[in-house]
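# Examination of the molecular architecture
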Amino acid sequence: MEINKRFAGFVDTLAGSLGQELIFLGQSALSDKYNLLSGWEVKNLGLRYSRAWLVVELLCTWEWNEGNAIKSVLPFLRFCTNNKHESDFNVVPLDVIEILFHGAFKSCTKIDNSTFNVVKVQHDEVTTTGEPLFRALQGTLKTLFEDNAFWGRAEAESLFFKYFPVEELKSVSCISVTNTASKVLDILMPFLRKKDTVEMGGISTVVTSDENKPGIEKFVCQWLEMALSASMSPSGEKTETESIRWLTIAVSCFPLNSSGGAGTILAASTSEVTVKEKSLLVALFQKQRLQASMPGSHPVAADDFSQENLQTLVLDLYSESILAKLIAAAVAYCWPEFEVEDWKFVLLRLYNWLEAAVVDAEELAEAVADAAREVEGANEHKECSDCMKISAEMAVSKKGKSCSELTSFAVYIFSEIQGLYSLEVGKPQQPLKNLALASWERIEVRALEDILRLFLATGLAESAASFDRTAAEIISVNRLDQVQLWESVADVALNSSTRALESAVRAADLWGVGKGSINALYSLLFSSHPIPSLQWAAYHFLSTDPLRYCAITWRPMKTEQVESSERESEPVVNEDSSITSDANIRPDLAAVLETPAVTLLQSLLTSSSRVNYLLAWSLFLTHLQSLTPLTPARERLVQYTQDSESPNILLDCLFQHISLKKTSSLSASRKRNAKSTLEISEVTGSAKRAAATGSVLFAVEGLWPVKKKEIAILSGAIYGLMLKVLPACVRIWFTGLRDRSSASAIESFTSSCCSPELLAEEFFKVQAVTVTDENLSIRANHSTREVTALYKKEEAGMDIVIKLPACYPLRAVEVECTRRMGISENRLRKWILSMAAFLRNQNGAVAEAILVWKRNVDREFEGVEECPICYSIIHTSNHSLPRLACRTCKHKFHPACLYKWFSTSHKSTCPLCQTPF
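Quantities reported herein were computed from a predicted structural model and do not represent experimental measurements.

### What to know about helix α42 (residues 740-753)
Helix length check: α42, at 14 residues, gives a terminal C-alpha distance of 20 Å against a target of 20 Å (1.5 Å per residue), a fit within 8%. Restricting attention to buried positions, one finds in α42 the residues Ala743, Ala745, Ile746, Phe749, Thr750 and Cys753. Projected down its long axis, α42 carries its buried residues within an arc of 165 degrees, all on one side. Every exposed residue of α42 that faces more than 90 degrees away from the buried side is listed here: Arg740, Ser741 and Ser752.

This is the structure in structure tokens:
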């Protein structure tokens, strides 16, 4: 094996130096004269020949030092198919496939169900396939057909009629060879079943098949009939192996849409499948149902995995997987023909499979949590390694891996049945009545609960293993072997009701395994080997009801009644309590929010650390946006951002992704690069949308697959939301920029895409604000960008005009007094400065800053002494009163001001009398 890897590495290096065309297409050795010709000259003389055997050698080796087939040989084959006008290019893929087909069908000697899939094969799953020739064949077909290559129905038909004659399959008695054939059909059938269409005048028209042209119907019907006849031997005894073989082939002829749900039903209804094929499929399904109800026939028990019965159990699990795929295909293509008994069989099997899967997943989580508790507080590395070993053994256990295919099909079937109702709303039909009579509503609730438990259990396992990075990686890597399962689980979980999710979360917390449901979701979101669908589902749950209130800080999950009552209550600032107390942010989130600048800003632009960092801040800012202004909960989080350098690091990171040079010269950029201009417009559009709506959910949803463009769009959205939620933090960062050209570009970007939306919202809030005090009135003028506050107290009064800049909120507002009455010059200057300070430091609306300023002035009239440090009664940032008094001079200070004084002066004495505090 090592020799093969060294040889493959040598060939790959040679092809990289001399060119893949020369190495893999070959060069004729007719004479020394021709050997001296360049590659271009040889090509034009037609002296090339295929070295398909060399390509096959690299494909079978698959991986070697510093290279693999996915990055070298497979792209070359795809390149060859894209050059259809070159005959010598076309011959290489065809020769390679012929060698691999013959080799794969002869070399399979054992059952291999480790990569059995519901819908389609992934490249990661191809890598884990054990048999080299089959792995090479599977990877080659996937590349040439499914990765936007030029091969389609014509090539699929050619391969089908060449390599899948019924007579040859009859002579095959090995299940593993049949399994190989079925997996190849999984790749070809979506193209063979797709109806041909042509575009005429912008309208798609289905092309009618030529009746004289040989179709696949005859072969499929023969395979279905063979599966029916093989189900029972002439003596009446079940020939299980023969039945499984033909079931495997027949079911693979009915492709399933990868989206699941209603999409599967719609795709099946438009597929090129005849009535005869559907009738045979229904008959096969019903025969399997009757056989399953016979005495002695039962699903595989979840705890029956003894070493003695391992081979038998593998076969049983494989047959269960085939049965599950048969049910999925029958539901998709033949559901209108289902009777009540058919639905009862489907639902019972579905429920049993999901229950077994939940038992496996929760046992895994419990084992990891138990191992974590054993080494809690241990200092010896060996003990931690032992725990990691236990976690690894459980994660890759035969028990959990063998049942993953069954679970994938169970979740897929569940989504199909749910999709039926979304398609047939308002159109009652007998099949749906039969489904209802089979107790679908009761099973749906239980099945959905099981799927949500699966979702949380895998997060709990990784969360429990987080004490050791290696142990957590073992859990996350194990999920990569079951990508399709977790994608299906995530899709169903996202469509679940709020009540179902809340129930599952409470059950997980009461279960007491790991660190709780919120930590489980963070483990999925920030996983070392993430699955995009799980990341999106975890983010969605953490940012929406009912979890968003307890996802950021340590708070109990709120019910809808508590949430509505809190929203309706008036915002009150507890002036006697310290708003500067710990924000109590969850450690999983805080660890990512506070990522050091050196670690973050020097990482790759598409690194997982950057993605996690942006997702964490998206969650934080979204939660901050949802909180009522001036409430203690919001003010604590705002103070948290003001007391740290994290917002500055975030903004530096965002503008590594937002191209300032391109955005500042948009017109010139259009002429140079249309693609770049489109990306710029998408970034500016995301920033504008986030600033207007206060949400980045749209950008997070489109983040995967992660690329530079998608991260740039999310960065623009986060910047727009940050301008809306934390304008003072952005303003302070912007003021500290030393690079004038960058500052100018940022100002231009902000004023063009974000400021108009933010200014419109500010003036709307000013006009909508209700002032209960008759001493204050506020009015706005959008055209001049001015807000006027008229304040009157006893015999004194003044009119203050606040002018907002065009690049609001980057630059500070201008404050001036246009009229005063009974106010001294010193007091007037003091009030204007305090108003400017409140507006400068307010991470909220202008109207809120005016109300806080008004309360400050009222307190002055009430005789409350101002803080000697900031000369304000109400603190401009956290809105607290001076309450820390010096024992000697009795002056009171704001806690935040005093803390800053101690930090900057490097002494702990009173600022006035210098007495030790």
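Still to come is the rest of the account.
### A short note on the sheet that holds strand β8 (residues 814-821)
Taking strand neighbours across the sheet as the criterion, the 4 strands line up as β5-β6-β7-β8 in an open arrangement whose pairing is antiparallel. The two strands at the open ends of the sheet, each matched to only one other strand, are β5 (776-781) and β8. Direction aside, neighbouring strands of the sheet carry axes that sit 15 degrees apart on average. Here strand β6 (residues 786-793) pairs with strand β7 (residues 796-803) via 8 bridges, running antiparallel. Each bridged residue has a counterpart across the sheet, and for Lys793 the counterpart in β7 is Ala796. Along the sheet, helix α44 (residues 825-841) makes contact with β6, β7 and β8, crossing β8 at roughly 145 degrees. Here helix α45 (residues 846-861) sits on the sheet in contact with β5, β6 and β7, set at roughly 20 degrees to β6.

### What about the pairing of β6?
Here β5 runs beside β6; their pairing, made up of 6 bridges, is antiparallel. Bridge pairing in β6 links Ser777 to Leu790. Hairpin remark: β5 followed by β6, antiparallel, with 4 residues in the connecting loop; positive phi at Arg785, about 55 degrees.

### Considerations on the packing of helix α33 (residues 608-626) against helix α40 (residues 708-725)
In contact at an axis separation of 10 Å, α33 and α40 are set at 30 degrees when each is read in the N-to-C sense. As the angle between them shows, α33 and α40 are arranged roughly parallel. Handedness of the α33/α40 crossing: left-handed. The residues of α40 that touch α33, namely those facing Val611, Leu614, Ser618, Leu621, Thr622, Leu624 and Gln625, are Ile711, Leu714, Ser715, Ile718, Leu721, Met722, Lys724 and Val725.

### A short note on the side chain of His657
Tracing the backbone shows His657 in helix α35 (residues 646-657). The buried category is assigned to His657, whose relative accessible area is 10%. Within the structure, His657 has its side chain in polar contact with the side chain of Arg610 (distance 3.1 Å).

### Focus on the packing of helix α27 (residues 517-525) against helix α28 (residues 532-543)
Following both chains from N to C, one finds α27 and α28 inclined at 140 degrees, their axes separated by 8 Å at the closest point. By the angle class used here, α27 and α28 are oblique. The two elements α27 and α28 cross, and the hand of that crossing is left-handed. Together, Ile518, Leu521, Tyr522, Leu524 and Leu525 of α27 and Leu534, Gln535, Ala538, Tyr539, Phe541 and Leu542 of α28 make up the contact between the two elements.

### Regarding helix α15 (residues 261-269)
Taken residue by residue, α15 has Gly261, Ala262, Thr264, Ile265 and Ala268 as its buried positions. All buried residues of α15 project into a common sector of 155 degrees when viewed along the axis, lining one side.

### Topic: unusual backbone geometry
Cis geometry is adopted by the peptide bond preceding Pro546, which originates at Asp545 and carries an omega value of 5 degrees. Inspection of the secondary structure assignment puts Pro546 in the loop between α28 and α29 (548-551). The amide bond that connects Tyr808 to the next residue, Pro809, takes the cis arrangement and shows omega of 10 degrees. Tracing the chain through its elements places Pro809 in the loop between β7 and β8. If you check the backbone angles, Arg785 has positive phi at about 55 degrees while not being a glycine. Judged by its relative accessible area of 26%, Arg785 is partly exposed. Backbone geometry at His906 places phi at a positive 60 degrees, although glycine is not the residue there. By secondary structure assignment, the location of His906 is in the segment after α46 (895-905). Its relative accessible area of 71% is what places His906 among the exposed residues.

### Examining the packing of aromatic side chains
Summed over the entire model, instances satisfying the criterion amount to 26 aromatic pairs. Seen in terms of ring centroids, Phe160 and Trp223 are 5.8 Å apart; in terms of plane orientation they differ by 70 degrees. Their pairing is edge-to-face. Note that Phe160 is positioned in helix α10 (residues 153-163) and Trp223 in helix α13 (residues 217-230), a separation of 63 residues in sequence. Overall, Trp223 belongs to the buried group, its relative accessible area being 0%. Considering the side-chain rings of Phe254 and Tyr333, the 5.4 Å spacing of their centres and the 70 degrees angle between planes classify their relative orientation as edge-to-face. Of the two residues, Phe254 sits in the loop between α14 (240-251) and α15 while Tyr333 sits in helix α17 (residues 310-334), which places them 79 residues apart along the sequence. By relative accessible area, which is 5% here, Tyr333 ends up buried. One aromatic cluster in this structure is built from Phe101, Phe160, Phe161, Tyr163, Phe164, Phe219 and Trp223. Sitting over the ring of Phe254, Arg193 keeps its end group 5.3 Å from the ring centre.

### Re the pattern of salt bridges
Across all of its chains, the model carries 18 salt bridges by this definition. When the shortest N-O distance is used, the salt bridge between Glu272 and Arg153 registers 2.7 Å. Of this pair, Glu272 sits in the loop between α15 and α16 (275-292) while Arg153 sits in helix α10; the two residues are 119 residues apart in sequence, bridging distant segments of the chain. Residue classification places Arg153 among the buried residues on the basis of a relative accessible area of 17%.

Conventions and cut-offs
- In every chain, residue numbers begin from 1 and rise along the written sequence.
- Where totals are concerned, whole chains, interfaces and linings use all residues; where local detail is concerned, this predicted model gives features only for residues with pLDDT of at least 70, and gives and counts side-chain atom pairs only at 80 or more.
- Side-chain calculation: all heavy atoms of the structure are included, whereas hydrogens and water are not.
- Secondary structure elements follow DSSP: runs of H or I of four or more residues count as helices, runs of E of two or more count as strands, with numbering from the N terminus.
- One less than the number of residues in a helix, times 1.5 Å, gives the span that helix is expected to have.
- When accessible area is computed with a 1.4 Å probe and restricted to protein chains, residues below 20% of their type maximum are described as buried, those above 50% as exposed, and intermediate ones as partly exposed.
- Taken from the helix axis, the directions to the C-beta atoms give the arc we talk about.
- Here, strands pair whenever DSSP counts at least two bridges between them.
- To obtain an axis, a line is fitted to C-alpha atoms, over the contacting stretch when the element is a helix, and the angle between two such axes runs from 0 to 180 degrees between their N-to-C directions.
- We call two residues in contact when some of their heavy atoms are within 4.5 Å.
- Comment on the angle field: the value is read as roughly parallel under 35 degrees, roughly antiparallel over 145, roughly perpendicular from 65 to 115, and oblique elsewhere.
- Each helix crossing is assigned a hand: it is left-handed if the near helix lies turned anticlockwise from the far helix by less than a right angle, otherwise right-handed if that turn is clockwise.
- Identification of polar contacts relies on pairs of N or O atoms within 3.5 Å, with a donor-acceptor requirement for protein atoms, meaning one able to donate a hydrogen and the other able to accept it, and with residues adjacent in sequence counted only if both atoms are side-chain atoms.
- A pair of aromatic rings is counted whenever rings of Phe, Tyr or Trp (Trp by its six-membered ring) have centres within 6.5 Å, and the orientation is called stacked for planes under 30 degrees apart, edge-to-face for over 60 and tilted otherwise.
- Consider the ring centre and the ring normal. A charge sits over the ring if Lys NZ or Arg CZ is within 6 Å of that centre and within 35 degrees of that normal.
- Every case where a carboxyl oxygen of Asp or Glu lies within 4 Å of a side-chain nitrogen of Lys or Arg is listed as a salt bridge.

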